[in-house]
Amino acid sequence: MQNKLLKMIYNLDPWHPTDDLHQLAELETIDQFIDRLFQKFRTSCQMSDNPLIEAILPL
């Protein structure tokens, strides 16, 4: 839905590439968003002193 609305706002063809659309709108893609959140989660797990948390993502 987001891509469809952005294409309408920017007056782009419905088949315009999504990556180009996100670059034009200065938005990250879902994949980039998930990767960024996962890296943040992984870092917080690695910094934890709690053994249960450390065990979630072994080194």
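Small disclaimer: the values here were computed from a predicted structure and weren't measured.

What counts, and where the lines are drawn
- Residues numbered from 1 in each chain as written.
- Predicted model: local features only at pLDDT ≥ 70, side-chain atom pairs only at ≥ 80, totals over all residues.
- Heavy atoms only, no water.
- Patch = residues over 30% accessible without salt bridge, like charges linked within 9 Å, V, L, I, M, F, W, Y side chains within 5 Å.
- Areas by Shrake-Rupley, 256 points an atom, 1.4 Å probe, with all protein chains shown as cover.
- Salt bridge = Lys/Arg side-chain N within 4 Å of Asp/Glu carboxyl O.
- Lys, Arg positive; Asp, Glu negative; His and termini not counted.
- Charge placed at Lys NZ, Arg CZ, Asp CG, Glu CD.
- Helix = DSSP H or I, 4+ residues; strand = E, 2+ residues; numbered from the N terminus.
- Buried < 20%, exposed > 50% of the residue type's maximum accessible area, 1.4 Å probe, protein only.
- Polar contact = N/O pair within 3.5 Å; in protein donor to acceptor, adjacent residues only side chain to side chain.
- Contact = heavy atoms within 4.5 Å.

A contiguous patch of negative charge, built from Asp19, Asp20, Asp31 and Asp35, is present on the exposed surface. Elements that contribute at least two residues to the negative patch include exactly helix H2 (18–24) and helix H3 (30–47). Along the chain, Asp31 falls in helix H3. For Asp31, a relative accessible area of 56% corresponds to the exposed category.

Another aspect to go through is the side chain of Lys7. When you line up the elements, Lys7 lands in helix H1 (residues 2–9). Put simply, Lys7 is tucked away with no salt bridge, and the nearest opposite charge, on Asp13, sits 7.5 Å away. In terms of polar contacts, Lys7 uses its side chain to reach the backbone carbonyl oxygen of Pro14, at 3.0 Å. Here the side chain of Lys7 touches His16 through a polar contact of 2.9 Å, landing on its backbone oxygen. When residues no more than four places from it in sequence are discounted, the contact partners of Lys7 are Leu12, Asp13, Pro14, Trp15, His16, Thr18 and Leu21.

None of the figures reported here should be taken as evidence of function without further support.
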